[in-house]
Each structure stands twice: as structure tokens, then as C-alpha cells.
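# Remarks on the overall topology
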Amino acid sequence: MPNILCIETSIGKCSVALQHNGIEDYIETKQSFMQSELLFVLIQELLKKNSLEYKDFDIFACTLGPGSFTGIRIGIAAVRGIKKILPDIQLLGVSTLEVMASDLQFPVVEEKILAVLNASGGDLYAQEFSSNGFPFGKIYSLQKKKLENKRKGSLLVVEQSSFYYEQGLTVNLTARSLLRKALKIISERKQEVYRNIQPIYVKDPNITTKILA
């Protein structure tokens, strides 16, 4: 099994997970939205704890969004920067929603999974998946008030720090769950599907500018 380092920066807390020679380890920030300040601090701390270096890994994986506009860019820039220094490593990129849908630790009896994340302006990011966690539809924007009708016949999965819905199953999106997804991708030999390391933006960034008189 390849040695893998995973980072998650797209939602809330920044986290890093690794698997090296069958040993797994994990670290996360206590503060939310501190990705730019703490990502490489976390990576260095986890590597030092396990007496490892960047060159000891075969694959670096990150989440691609949707999520925090800035957080997504930080994670992608990090793995791209590492690859420039170590060109022989492989990169894997997975959407946040796919990681959520794939991180269920029990058989899904419903025909499909509907994964949702909070978005700005009263909307949600949403995507449908098969019962084994692989997507069969594109990511789209969904109004919260329409979720009740949309979720019928599906297992609704929500990220616990992003959005609460009483009928939804909550999951915690972290680098540890990304690591589990990456291992699943590798075991099913689907790496080529996840080679494109591009940010997933469903909506325009929520940026306001102040016009000075």
C-alpha cells in the first residue's frame, strides 16, 4: 500500500492525516479558519512525531471543495507546491461532498446518498451518490427550503460543523476521512479519476468591496 499524506482545509478546522508503512496518525487545529497560518505547522508537527519527511510519501491528497474559498485554495496550493519540489509524488484530489458520502461506516440501504454542505445566501452545496459513495450527478446549489423535498428516498448526510438538519446523518469532515477515501480509491484502482487538482467552486466567492469616496 502506498504511503499517503492527506490534508483537509476546505471546511472549518485544518487537519492532516498520514499512513506510512501501515501506521496511521492524525492532527487537527483547535481553531477554525486558520488554514493559512497553521497548515504547514501541523504537517511538520505530524512528520516530526513520526520521524518522517515529505520524501517518505508516495501520494499527497487534498479536498477540492466546495467549501471555504480561501481554504480550498490553500490546500491545493500546498500539494501543488510539494509536487514541484518532489515531482515523482502522485496527487489525489477529492470533493468534500464525496469524502462525506464515502465516510459512512455501515451499509447504506437507501438507493442513493444526498450529501450537503452549507453555502452562503441561504443555499446548500449538494450532490447525489450511489450507496457505495461514488457520485452519479454533478455538484449543484440547492436552496435550504427545498431540501425536504429533495432528500426524499435518499440518505441525507450533512457535515456537522457546516449545517444542522434534524433528519440528516451528521459526519465530521477531516483529513482522516479523506485518508479513508484515498485508500478506497487506491484499492479500487481509480487513481486516474482523481488526478485533476482543480478547485471546485459552485458559487462565486462571497466577497464585498468598500468603495472609498
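The structure contained in this document is the topic of the report that follows. None of the values given here were measured: they were computed from a predicted structure. (Residues numbered from 1 in each chain as written. Predicted model: local features only at pLDDT ≥ 70, side-chain atom pairs only at ≥ 80, totals over all residues. Heavy atoms only, no water.)

Further remarks concern the overall build of the chain. Within the chain one finds five helices and 10 strands. Against the compact-globule benchmark of 17 Å for 213 residues, the chain has a radius of gyration of 17 Å, which places it among compact chains. Along the three orthogonal principal directions, the C-alpha set of the chain runs to about 60 × 50 × 30 Å. Counting only residues that meet the buried cut, the chain has 49% of its 213 residues in that class. The contacts of the chain with a sequence gap of at least 6 include a subset with a gap of at least 24, amounting to 61%. Summed over all atoms, the accessible surface of the chain reaches about 11200 Å², with 50% contributed by carbon and sulfur. (Helix = DSSP H or I, 4+ residues; strand = E, 2+ residues; numbered from the N terminus. Rg over C-alpha atoms; globule rule 2.2 N^0.38 Å. Buried < 20%, exposed > 50% of the residue type's maximum accessible area, 1.4 Å probe, protein only. Contact = heavy atoms within 4.5 Å. Areas by Shrake-Rupley, 256 points an atom, 1.4 Å probe, with all protein chains shown as cover.)

Let's shift gears to the nonpolar core. Counting 35 residues, the largest nonpolar core has Ile4, Cys6, Leu97, Met100, Leu104, Ile113 and Val157 as its most contacted members. Grouped together as the second largest cluster of nonpolar side chains are 25 residues, Ile27, Leu46, Phe60 and Leu64 included. (Core = buried A, V, L, I, M, F, W, Y, C linked by side-chain atoms within 4.5 Å.)

Tallied over the full model, the rule gives nine salt bridges. Between glutamate 148 and arginine 151 there is a salt bridge; the shortest N-O distance is 3.2 Å. A relative accessible area of 33% means that glutamate 148 is categorised as partly exposed. Taking relative accessible area as the criterion, arginine 151 reaches 18% and is therefore assigned buried. (Salt bridge = Lys/Arg side-chain N within 4 Å of Asp/Glu carboxyl O.)

This brings us to helix H5 (residues 175–187). Here H5 spans 18 Å end to end across 13 residues, near enough to the 18 Å set by a 1.5 Å rise per residue. Three or more residues of H5 are buried, namely Ala175, Ser177, Leu178, Leu179, Lys181, Ala182, Leu183, Ile185 and Ile186. One side-chain oxygen at the N-terminal end of H5 lies 3.1 Å from the backbone nitrogen of arginine 176; it belongs to threonine 174. After H5 finishes, the residue arginine 189 shows a positive phi value of roughly 55°. (Expected span 1.5 Å × (residues − 1). Polar contact = N/O pair within 3.5 Å; in protein donor to acceptor, adjacent residues only side chain to side chain.)

Here we take up helix H2 (residues 69–85). With 17 residues, H2 should cover 24 Å at 1.5 Å per step; its first-to-last C-alpha distance of 25 Å lies within 8% of that length. For H2, every residue scored as buried is listed here: Gly71, Ile72, Ile74, Gly75, Ile76, Ala78, Val79 and Ile82.

Attention now goes to the sheet that holds strand S10 (residues 169–171). Across a sheet, strands are paired by hydrogen bonds formed along the backbone, either parallel or antiparallel in direction. Across the sheet, five strands lie side by side as S8-S7-S6-S9-S10; this open sheet has mixed pairing. Only two strands of the sheet have a single partner each, and these edge strands are strand S8 (140–143) and S10. Within the sheet, the average angular offset between the axes of one strand and its neighbour, ignoring direction, is 35°. Note: strand S6 (residues 112–118) against strand S7 (residues 123–130), seven bridges, orientation antiparallel. Its bridge partner being in S7, leucine 114 is matched across the sheet by glutamate 128. (Pairing = 2+ DSSP bridges. Axes fitted to C-alpha atoms, helices over the stretch in contact; angles between N-to-C directions.)

Here the focus is the side chain of lysine 181. Tracing the sequence through the fold places lysine 181 in helix H5. Here lysine 181 falls in the buried class, since its relative accessible area comes to 2%. Within the structure, lysine 181 has its side chain in polar contact with the side chain of serine 102 (distance 3.1 Å). Residues within four places of lysine 181 in sequence aside, it is in contact with Val94, Glu98, Val99, Ser102, Gly133, Phe134 and Tyr194.

Here strand S5 (residues 90–94) lies mainly inside the structure; four of its five residues are buried. Sheet topology places strand S4 (residues 59–63) next to S5; five bridges connect them, and they run parallel. Paired with cysteine 62 across the bridge in S5 is glycine 93.

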